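Given next are the chains, with one letter for each unit.
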Amino acid sequence: MDSSAIAASRNILTRLHEVMASRSPAQVKLNTVVEVIGECLDSEVCSIYLLREGMLELFATRGLAQEAVHVTRMGIGEGLVGTIAQDSETLNLAEAAAHPDFSYRPETGEDKFHSFAGVPIVHRERVVGVLSVQHVDPRRYQEVEIETLQTVAMVLSELIASAGLIDEEDRGGPGSGQSGPEVLRGLTLVKGLAIGNAVYHQPRVTIEHVVAENTEAERQRVLLAFDRMREQIDKMANQAEFGVAGEHVEVIETYKMFAYDEGWARRINEAIDSGLTAEAAIERVQQHTRMRMRQIDDPLLADRMHDLEDLANRLLRIVSGQLGTAASKGLRSDTVLIARNLGPAELLEYDRRRLKGVILEEGSLTSHVVIVARAMGIPVLGRVRGLRGLVREGEELLLDTEQGTVTVRPIPAMIESFEARTARYRERQAAYAAMRDVEPVSKDGQRITVMINAGLREDIANLSLTGADGIGLFRTEFQFLVSATLPARERQTRLYREVLDAAGDKPVVFRTVDIGGDKSLPYLRQEDAELEENPALGWRALRLALEREGLLKVQARALLEAAAGRTLNVMFPMVSEAWEFDAAKALFDTQIDFLRRQKKPLPEKVRFGAMLEVPSLAEQLDLIAPNISFLSIGTNDLTQFLFAADRANPKLAERYDWLSTSILRFLRRAVNAVRDFPIDIAVCGEMGGRQLEAMALIGLGIRRLSITPASVGPIKQMVCTLDVSAIEKAMASWLAVPPPNMREALAQWAKAHGIALD
Ligand code: PEP
Ligand code: MG
């Protein structure tokens, strides 16, 4: 904007401010507004159309026939005004009648005017009206005039909303051309169906005031907000190793670029100079950028736009002091939560009774937030991009992760059919629940042990609900993740004791803390964070625990005390070489000795096991096997290390199949390597919870699975229809001569052999 344009804008805003502050009725204010704008822009006509009962009604005009006010009405998409509302786009035409959408309204007497410019009036991301100017001479309005109109439209939206001139309930109204239902596709991360209102994890800021009282004060506010935002981004960049996604670093680099972009800051300041508040100025510049970007059809730019939107929203949140996430405000109704990405701890902050589903713009199958959601039974759809532009806060969503879709603004027929599907889904779930007491015995009499994975106190109930054989993986770090500080020993003991009490005779395998990677702890971060380029390959799990001995010692004592008089199963994560297991076990032995000397009650028996999730351990199984009682294969990490594919990177989420020859051959070698030792071998990664994958694992000789509770029914069902010796034979031949598509081969085999699959 040049200085004369800023001055013109400022002049209009000052006058509009006076109009808005006056005590006149809304209609009088609108009449004055069109006069002011017409005069300042030297325009013969200025008109305001507002949305009423789904139509755009002429509410005020200077220059058109006054008899047309409240008489002329246009449908959305009808004529130039309707087109602006439908597309949420500005039109600037030297010859209005030449436009294909032009629709002549004789009652207005507009035939003598040739040029036309109009901008949408947007309130809460919804088009609620149109502001237009017309001129006798055919001329295109200058860019600065259009910008002034757009600024005025923002002010009008405040006036209109505060005067109650638009129908807030008019949900079906237009907004960025998105009034009808829309089906968006994504990647299924947790299966299920959910109906609920859209809630953004980071809510969009509502702008209360548009016109500034004191421009200098607004400038200061933006300056401070920029400082704070830059600080935050720098901090994020320095802690990138604890990011939740593989793309994190790249994203932060882009953020930094925008955060320090002088052009952006300058444009915001110019908008303030024209008379807007800091919030309105940020939004105004954002609207402008959005419009520009829409004209450039480039997917790469669209991605960057998405980052800029994120950042602008962050700046708005800082400047307006609206900082909390949706969790801190509490959920008011059944909710489908939308986030770019979430950490497991952030997800756990939400009220579980109201949180029905989650949509992530990123996300991958084995990221921990997804594992937690799976344990909570909450469907998750991942990799849906650009949601901010497509879904408004509060809109009803139908989330169907069985089909990998989310329906926005569903029509009644869609809701009806969705409800029917939900009923059928519930029936299926009920059928699985009815299998609670069915033993997973194969057709040829092989008993498969089906256990569940757990980590929170609330998960314990799943043991009796599913009738599982025990807890094959208790992720102890979840308690650490949901605490604000390191949980004291007594608190750990209490949780472990409750778990053991609830499990009764059934075994529970406690895995010692597996933190680091995508499970970062803010309170540990302070002391020990160093920049890690590859956190999943970094200082995590047992590596961290063996160095931070205090942490493991406290946990050892808590576990030993909780299991007094019973059997304690302890498992170490991320064992890469046999000596790490020995060192961790030695630490437990010292604690056992200590308790014995203190004459404290001890567990009746302590069984130690290791996770096989780092491929290097596979080459030392003969060394470790004599010292362990059980081995549990963590296919989530194992796959990421075997394929060198970050498990949290959404770009790789679909690239490698668990049913690949590499994984299956690797697992078969591991099973064979420990076959002659008296140890239990289990699989506790997400792979084991899928029917086809579990069938393959059984074919490799695995007889113990520890899986997400929701999978117990489907897996039992599959096992009961399976002939184990037959699948073993088939697997042996496929691994000798792999079929072109292993998944396809297994699926066909299952069909031919009457295996009950979902
Ligand atoms: C695994 O890696 O497969 C596993 C079960 O552990 P986690 O998912 O907690 O890393
Ligand atoms: Mg793991």
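Residues numbered from 1 in each chain as written. Chains lettered and ligands numbered in written order. Predicted model: local features only at pLDDT ≥ 70, side-chain atom pairs only at ≥ 80, totals over all residues. Heavy atoms only, no water.

K.L.:
I'd like to hear about the coordination of the magnesium ion (ligand 2), residue by residue, with values.
P.N.:
The protein atoms that coordinate the magnesium ion (ligand 2) are Glu613 (OE) and Asp637 (OD), at distances of 2.0 to 2.1 Å. Highlighted residues: Glu613 in the loop between β19 (605–612) and α21 (615–618) and Asp637 in helix α23 (residues 635–643), separated in sequence by 24 residues. Residue Glu613 is classed as buried on the basis of its relative accessible area, which comes to 2%. Among the residues examined, Asp637 registers a relative accessible area of 3% and is labelled buried. (Donors = N, O, S within 2.8 Å, 3.2 Å for Na, K, Ca; no water. Helix = DSSP H or I, 4+ residues; strand = E, 2+ residues; numbered from the N terminus. Buried < 20%, exposed > 50% of the residue type's maximum accessible area, 1.4 Å probe, protein only.)

K.L.:
Report on the pairing of strand β15 (residues 449–454), specifying residues and quantitative values.
P.N.:
Where burial is concerned, most of β15 is hidden: six out of the six residues are buried. Alignment of β15 against strand β16 (residues 471–475), held across three bridges, turns out to be parallel. Bridge pairing in β16 links Ala454 to Phe474. Each parallel crossover has a hand, and the one from β15 via helix α14 (residues 461–466) to β16 is right-handed. (Pairing = 2+ DSSP bridges. Right-handed = clockwise from strand over helix to strand, strands pointing away.)

K.L.:
Go over the site of ligand 1, please, and point to the residues and values.
P.N.:
Near ligand 1 there are 16 residues, and of these Arg475, Arg511, Gly634, Asn636 and Arg647 occur at the shortest range. Thr635 is positioned with one of its backbone polar atoms (N or O) 3.1 Å from an oxygen atom of ligand 1. Between an oxygen atom of ligand 1 and a main-chain N or O atom of Asn636, the distance comes to 2.8 Å. When residues of the shell around ligand 1 are traced back to their parent elements, those giving at least two are α12 (368–376), β16 and α23. The element that contributes the greatest number of residues to the shell around ligand 1 is α23, accounting for three residues. Residues belonging to the shell around ligand 1 are distributed by class as follows: four nonpolar, five polar and seven charged. (Near = heavy atom within 4 Å. Polar contact = N/O pair within 3.5 Å; in protein donor to acceptor, adjacent residues only side chain to side chain. Nonpolar A, V, L, I, M, F, W, Y, C, P; charged D, E, K, R; others polar.)

K.L.:
Tell me what's going on with the sheet that holds strand β22 (residues 704–707), and back it up with residues and numbers.
P.N.:
Taken in spatial order, the eight strands of this closed barrel run β15-β16-β17-β18-β19-β20-β21-β22, and their pairing is parallel. Between one strand axis and the next, the sheet turns through 25° on average, direction left out of account. Pairing analysis gives six bridges linking strand β18 (residues 567–572) to β19, with the strands arranged parallel. Its bridge partner lying in β19, Phe572 is registered against Ala610. (Axes fitted to C-alpha atoms, helices over the stretch in contact; angles between N-to-C directions.)

K.L.:
Break down the nonpolar core for me, citing the residues and quoting the values.
P.N.:
In this structure, Met695 and Leu746 are the most contacted members of the largest nonpolar core, which totals 122 residues. If near-sequence neighbours (up to four positions away) are discounted, Leu746 is found in contact with Leu659, Leu692, Met695, Ala696, Ile727, Met731 and Trp734. Counting residues in hydrophobic clusters, the runner-up holds 61 residues, among them Leu30, Val34, Val36 and Ala271. (Core = buried A, V, L, I, M, F, W, Y, C linked by side-chain atoms within 4.5 Å. Contact = heavy atoms within 4.5 Å.)

K.L.:
Run through the packing of helix α25 (residues 691–699) against helix α27 (residues 724–736), naming residues and quoting values.
P.N.:
Look at α25 against α27: their axes get within 8 Å of each other, and the N-to-C directions meet at 85°. When the axes of α25 and α27 are compared, the pair comes out roughly perpendicular. Along the contact surface, α25 presents Met695, Ala696, Ile698 and Gly699, while α27 presents Val724, Ile727, Glu728 and Met731. The residue makeup of the contact of α25 with α27, split by class, is six nonpolar, one polar and one charged. (Parallel < 35°, antiparallel > 145°, perpendicular 65-115°, else oblique.)

K.L.:
Describe in detail the pattern of salt bridges, supporting the description with residues and values.
P.N.:
Under the counting rule described, the total for this entry stands at 35 salt bridges. Note that Lys585 is salt-bridged to Asp589, the shortest N-O span being 3.1 Å. Of this pair, Lys585 and Asp589 both sit in helix α20 (residues 578–597), four residues apart, which is roughly one turn of the helix. Take Lys585: its relative accessible area is 24%, and that puts it in the partly exposed class. Put simply, Arg743 and Asp657 hold a salt bridge, and the shortest N to O gap is 2.7 Å. One end of the pair, Arg743, is in helix α28 (residues 742–752); the other, Asp657, is in the loop between α23 and α24 (661–674), and 86 residues separate them in sequence. Look at Arg743 and you get partly exposed, because its relative accessible area is 27%. Classification of Asp657 as partly exposed rests on a relative accessible area of 27%. Put simply, Arg52, Glu53, Glu57 and Arg73 are held in one network by salt bridges that share partners. (Salt bridge = Lys/Arg side-chain N within 4 Å of Asp/Glu carboxyl O.)

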